[in-house]
Amino acid sequence: MAEPKVSGEHSLKSPDLGCTVEIRMKNSVRNGKTVSSEVISMTVKGPGLQRMVLVDLPGIISTVTVDMADDTRDAIRQMTQAYMSNPNAIILCIQDGSVDAERSNVTDLVSQMDPQGKRTIFVLTKVDMAEENLANPDRIKKILSGRLFPMKALGYFAVVTGRGKKDDSIQSIKEYEDHFFRNSKLFNVSGKWYEKRWNSKTDAFKATRFNLETEWKNNFPRLRELDRDELFERARGEILDEIINLSQVSPREWEDLLMKKLWDRVSLFVFENIYLPAAQTGNTSNFNTAVDIKLKQWAEQQLPQKSVEAGWEALQDEFQNFMERAKQSKDHDNIFDNLKTAVVDEAMKRHSWEDKASEMLRVIQLNTLEDRSVGEKQHWDAAVKFLETSVKEKLQQTEVILKEMFGPGTKERWLYWKYQTPEQIKRSAVKGELEKILYSDFKHRPSLSYDELTTVRKNLQRNEVDVDSDFIRETWHPVYRRHFLKQSLARAYDCRKGYYLYHQGLESEMECADVVLFWRIQQMLKVTANALRQQIMNREARRLDKEIKEVLEDYSQDQEKKLKFLTGRRNESDKSRK
């Protein structure tokens, strides 16, 4: 039995499915909107069902009523055009037969999007009502013969309204439809015409039977082994299903993923080249000047390309995640894994991000990074949290370096019988001297002076530890970094309550310039993630879809590829060789 699900959670058997869909529709059109481009997805799975995506769009309107948003008509038209413009989409054009055909706006739009009618199917509804109400039945015949509208279509079909009773069974509805078409004066249906009407569906029935037979073979492989062409077509369908799944990723999920990917790529540069050099000067005025210069250089040179790389990585990872999750399904068939991997890898090699994306990102990133005014307390709090989290991560990384440099601590040596190497013993002795310097000068500069190096070396020699200046400097860098990061973290804690001083222009009374820096970076990450998300959803996912289809088409004609990637006992040709 086929079982529809909304977002993979609610079964059609549940009485609240309709309510769930209605609630989601209402939630998607808040803030005065009448329509929304947000997709409410329902997945239907069951034996004998063909793989397809059916998109139910709002009807085209010509007038905006008082209870609609002003942009409703344009929003519907833009949304419809976006789906119709997909060259792989089949347009199902629905026309109400009970009203005057001239009132329809949809036929003009369809003729614009598919002038040759190569992917349009026209359906005229309520023809039983039309027979009762229309004075000129010849108009209906002209519509169904394609002679009334300039629009072209692959086929023209008529359907009835039915008796409109909720408790009508499928069989009773079908009997009503059969009776109407057999006795209709409007269509003048004879037994021969009726037979022709059903014969027009022969191709569809054959296609359905082929899919059912193929599914039977796949579900019951012991009855007959599959040849490579059948295996390839099934693998093609599964790969294309995963591409469709990309459209189900919400904008919020995309932006969260993109922000994480981008920060992973740029965080090292932000700390090493922007934040630490400016903050370690200890001068707020110099800090802001140095940061402004570094941020502008970064946005003009490296940042846009790093952003594009992060977007491409996110798109790859999300698609690979869908592929991996499909492997966990109970219906997964590992005979397709090698082919799927090869197809996706080849498509990824062919894909390249649009060149103009970098230039677009450069402009919005420069504009965002120039803004130093934190306008709301919640933005300030978010920036403080971002700073704290980032500093803690760097502090943890520094602790790992120190752990390797100095070996097990006193507790580990006593409780777990761990020992330091001779070099680690020397490093620990140097660390002790360096910590004395930092204790005496809490705001020490990032480097040691010649006199300090000499003093450390002489103090160590008294304890029979002989090291050179380079050894001391190597030890100093991680020790000083830990010291500085702890100071930075303490300042961040103090700045949690600093927004009101900042808002009143009393920045000189607090040391929170680094909070403003991380707010600027955080805003840049947000606008970049939003721009990349739009690029992925509107352009890159479709281009990747096209490239995967091209690879599949190439592979479908290449028997060597099929032989290489589709191998197993279930394959007829493999069995015949054994």
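Since the structure is predicted, the reported quantities are computational estimates derived from the model, not experimental observations.

## Observations concerning the pattern of salt bridges
Taken as a whole and assessed by the stated rule, the structure comprises 30 salt bridges. The salt bridge partner of Lys340 is Glu238, with a shortest N-O separation of 2.6 Å. With a gap of 102 residues between them, Lys340 in helix α13 (residues 337-350) and Glu238 in helix α9 (residues 228-245) connect regions that are remote in the sequence. Between Asp292 and Arg372 there is a salt bridge whose closest N-O contact spans 3.0 Å. On the criterion of sequence distance, the pair formed by Asp292 in helix α11 (residues 284-301) and Arg372 in the loop between α14 (356-370) and α15 (377-406) is long-range, its members being 80 residues apart. Among the ionic contacts, a cluster of salt bridges with common partners joins Lys261, Arg265, Glu309, Glu313 and Asp317.

## Section: the confidence of the model for the protein
Note that predicted coordinates carrying low pLDDT should not be read in detail. The predicted model of the protein has a mean per-residue pLDDT of 79, with 82% of residues at 70 or higher. Here residues 1-14 scores under 50 on pLDDT; set against residues more than four positions off or in separate chains, the count is 39 contacts. Every residue in residues 189-198 scores below 50 in pLDDT, and together they form 10 contacts with partners more than four places removed in sequence or on other chains.

## What to know about the sheet that holds strand β5 (residues 120-125)
If you trace the three strands from one edge of the open sheet to the other, you get β4-β5-β6, paired in parallel fashion. The open sheet has two free edges, formed respectively by β4 (91-96) and β6 (155-158), since each of these has just one partner strand. In this sheet, neighbouring strand axes are inclined to one another by 20° on average, regardless of whether the strands run parallel or antiparallel. Sheet topology places β4 next to β5; six bridges connect them, and they run parallel. Residue pairing in the sheet places Asp96 in a bridge with Thr125 of β5.

## Some points on the pairing of β5
β5 sits mainly inside the fold: five of its six residues count as buried. Pairing between β5 and β6: four bridges, direction parallel. By the bridge assignment, Ile121 is partnered in β6 with Gly155.

## Considerations on the packing of aromatic side chains
Tallied over the entire structure, the rule returns 13 aromatic pairs. A ring pair is formed by Tyr275 and Phe484, whose centres lie 6.4 Å apart and whose planes are at 55°; its orientation type is tilted. You can see Tyr275 sitting in helix α10 (residues 251-279) and its partner Phe484 sitting in helix α19 (residues 469-494), a full 209 residues away along the chain. We classify Tyr275 as buried; its relative accessible area is 0%. Assessed through its relative accessible area of 4%, Phe484 is described here as buried. Pairing Phe386 with Phe518 gives two aromatic rings, centres 5.6 Å apart and planes at 70°, and the pair type is edge-to-face. Of this pair, Phe386 sits in helix α15 while Phe518 is found in helix α21 (residues 513-556), placing the two residues 132 residues apart along the sequence. With respect to burial, Phe386 and Phe518 carry one shared label: buried. Connected via pairs of aromatic rings, a cluster forms that spans Trp263, Phe271, Tyr275, Phe386, Trp476, Tyr480, Phe484 and Phe518. Over the face of the ring belonging to Phe406 we find Lys431, whose NZ or CZ atom lies 4.9 Å from the ring centre.

## Regarding the packing of α15 against α21
Where α15 contacts α21, the axes come no closer than 8 Å and their chain directions differ by 95°. In terms of orientation, α15 and α21 fall into the roughly perpendicular class. Seen from α15, the contacting residues are His379, Trp380, Ala382, Ala383, Val384, Phe386, Leu387 and Ser390; seen from α21, they are Asp514, Val515, Val516, Phe518, Trp519, Ile521, Gln522 and Leu525. Classifying every residue of the contact of α15 with α21 by side-chain character gives 12 nonpolar, three polar and one charged.

## Remarks on the state of the cysteines
Taken as a whole and assessed by the stated rule, the structure comprises one disulfide. Note that Cys495 is cross-linked by a disulfide to Cys512, the S-S spacing being 1.9 Å. Across the S-S bond of Cys495 and Cys512 the torsion is about -105°, and the bridge reads as left-handed. Of this pair, Cys495 sits in the loop between α19 and α20 (499-503) while Cys512 sits in the loop between α20 and α21, and the two are 17 residues apart along the sequence. What makes Cys495 buried here is its relative accessible area of 2%.

Conventions adopted
- Residues numbered from 1 in each chain as written.
- Predicted model: local features only at pLDDT ≥ 70, side-chain atom pairs only at ≥ 80, totals over all residues.
- Heavy atoms only, no water.
- Salt bridge = Lys/Arg side-chain N within 4 Å of Asp/Glu carboxyl O.
- Helix = DSSP H or I, 4+ residues; strand = E, 2+ residues; numbered from the N terminus.
- pLDDT = per-residue confidence, 0-100.
- Contact = heavy atoms within 4.5 Å.
- Pairing = 2+ DSSP bridges.
- Axes fitted to C-alpha atoms, helices over the stretch in contact; angles between N-to-C directions.
- Buried < 20%, exposed > 50% of the residue type's maximum accessible area, 1.4 Å probe, protein only.
- Phe/Tyr/Trp six-rings, centres within 6.5 Å; stacked < 30°, edge-to-face > 60°.
- Lys NZ or Arg CZ within 6 Å of the ring centre and 35° of its normal.
- Parallel < 35°, antiparallel > 145°, perpendicular 65-115°, else oblique.
- Nonpolar A, V, L, I, M, F, W, Y, C, P; charged D, E, K, R; others polar.
- Disulfide = S-S within 2.5 Å.

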